[in-house]
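# Survey of secondary and tertiary structure
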Amino acid sequence: MPGLSTSRSTLIKGSTLGIGRALALALSALLHKPQVTACDRRVERLVEVREKGLETRRLDFGNLDGCILRRVIEVVLRGVNLDTVIFNAGIQHQFDFSKPESVKMENVIQELTLNYTSVPTMLTCILPHFQKRSAEGKESTVIMIASGLSPVPLPTVPNYCATKAALHSFALSLRTMLCASGSKVRVVEVYPPLVESELHDSYGTTEKLSKYWMSLEEFVRQIMPPSCRGRRIFRLIRNSKGWWERFEGLVRARLAGR
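Residues numbered from 1 in each chain as written. Predicted model: local features only at pLDDT ≥ 70, side-chain atom pairs only at ≥ 80, totals over all residues. Heavy atoms only, no water.

## Considering the packing of aromatic side chains
Which entries qualify depends on this criterion: Pairing of aromatic side chains requires ring centres within 6.5 Å, counting the rings of Phe and Tyr and the six-membered ring of Trp. Pairs whose planes differ by under 30 degrees are stacked, by over 60 edge-to-face, and all others tilted. Accessibility here uses a 1.4 Å probe with only protein chains present; expressed as a share of the type maximum, an area under 20% marks a residue as buried, one over 50% as exposed, and anything in between as partly exposed. We count a stretch as a helix when DSSP gives it H or I for four or more residues in a row; a strand needs E for two or more, and each element gets its number in order from the N terminus.
Per the stated rule, a full pass over the model turns up two aromatic pairs. A centroid spacing of 5.9 Å and a plane angle of 45° characterise the contact between Phe95 and Phe97, whose relative ring orientation is tilted. Looking at Phe95, the relative accessible area reads 9%, which means it is buried. With a relative accessible area of 49%, Phe97 lands in the partly exposed category. Centre to centre, the rings of Tyr116 and Phe170 are 6.2 Å apart; their planes meet at 85°, and the pair counts as edge-to-face. Remark: Phe170 occurs in helix H5 (residues 158-180) and Tyr116 occurs in helix H4 (residues 105-135); sequence separation between them is 54 residues.

Now the structure itself:
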């Protein structure tokens, strides 16, 4: 079954920093030498990963017009039998809605677009290819990198948490629709805890958070094992598992009390 450890051709959305870059390099280093296509909007970062042997495509996920659709189709139809797509790109802004005059709506919209809207937009291009593979008896995988902040939001980053919660809701519906149609496309959600990243640099919190985060090396060790190739719909990593179980327990208790 195609997955992180067996994929022959993987497209990674957001693969020049943090989790995306670490996964791209780890995949390209596997013994069976899969083709890994890194997609990002930053040309200088793409040059760096290209020098490490990855295929690259510049895609501006903040601009969801016909251009991005055509470029995704180009990647899919360029002769490589894509079997896995990883949605990782994201951005995180801090907001204080108790001071509405301080809220920059352009940042709210940017965060929503990059973290959520770009995912169903790209899937409209990729799923026809995966459905064709399914009709041929071949399996494909959609992997969504969510967040431990999806079930339990952090008030300082409310919109970020909302976009990740939206991604989870979308994944549930997508999985249900694909299963009902008999498709061989599986949907996997990954819930990492706080992971080593440059995501927090612009708000000056990197030094503080670095004392608590999981290293990229450890994250890759946990996500790459063969267990991630099974039919598990979630991959809960370290303390995100505890957050998820506590949240789900509260929801079940509340529903039982109705």
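## Observations regarding unusual backbone geometry
The phi dihedral of Lys33 falls on the positive side, at around 50°, and the residue is not glycine. Mapped onto the elements, Lys33 comes out in the loop between helix H1 (18-28) and strand E2 (35-40).

## Describing the pattern of salt bridges
Condition: By salt bridge we mean one thing: a side-chain nitrogen of Lys or Arg within 4 Å of a carboxyl oxygen of Asp or Glu.
Inspection of every chain in the model, using the stated rule, returns six salt bridges. Of the charged contacts, one joins Asp40 and Arg42 as a salt bridge, the two residues approaching to 2.9 Å between their closest N and O atoms. Between Lys52 and Glu48 there is a salt bridge; the shortest N-O distance is 3.9 Å. In this structure Glu48 comes out as partly exposed when scored by relative accessible area, which is 28%. Look at the salt bridges and you will find they share partners, linking Arg21, Glu48 and Lys52 into a network.

## Concerning the side chain of Arg186
Selection criterion: Residues counted as positive are Lys and Arg, residues counted as negative are Asp and Glu, and His and the chain ends are not counted. Under the rule applied, a polar contact is a pair of N or O atoms within 3.5 Å (in protein, one hydrogen donor and one hydrogen acceptor; residues adjacent in sequence only if both atoms are side-chain atoms).
Checked against the element boundaries, Arg186 lands in strand E6 (residues 185-191). Buried Arg186, no salt bridge; nearest opposite-charge side chain is Glu139, N-O distance 6.7 Å. A polar side-chain atom of Arg186 sits 3.2 Å from a polar atom in the side chain of Thr141.

## Describing the pairing of strand E1 (residues 9-13)
Selection criterion: A strand pair is defined by DSSP finding two or more bridges across the two strands. A clockwise path from the first strand over the helix to the second, with the strands pointing away from the viewer, defines a right-handed crossover.
Across the five residues of E1, five count as buried, placing the element largely inside the fold. Judged from the five bridges that link them, E1 and E2 form a sheet pairing that is parallel. By the bridge assignment for E2, Thr10 is matched with Val36. Chirality of the crossover, the property in question, places the unit of E1, H1 and E2 among those that are right-handed. Two elements, E1 and strand E4 (residues 84-87), share four bridges in a ladder whose sense is parallel. Paired with Ile12 across the two strands is Ile86, which belongs to E4.

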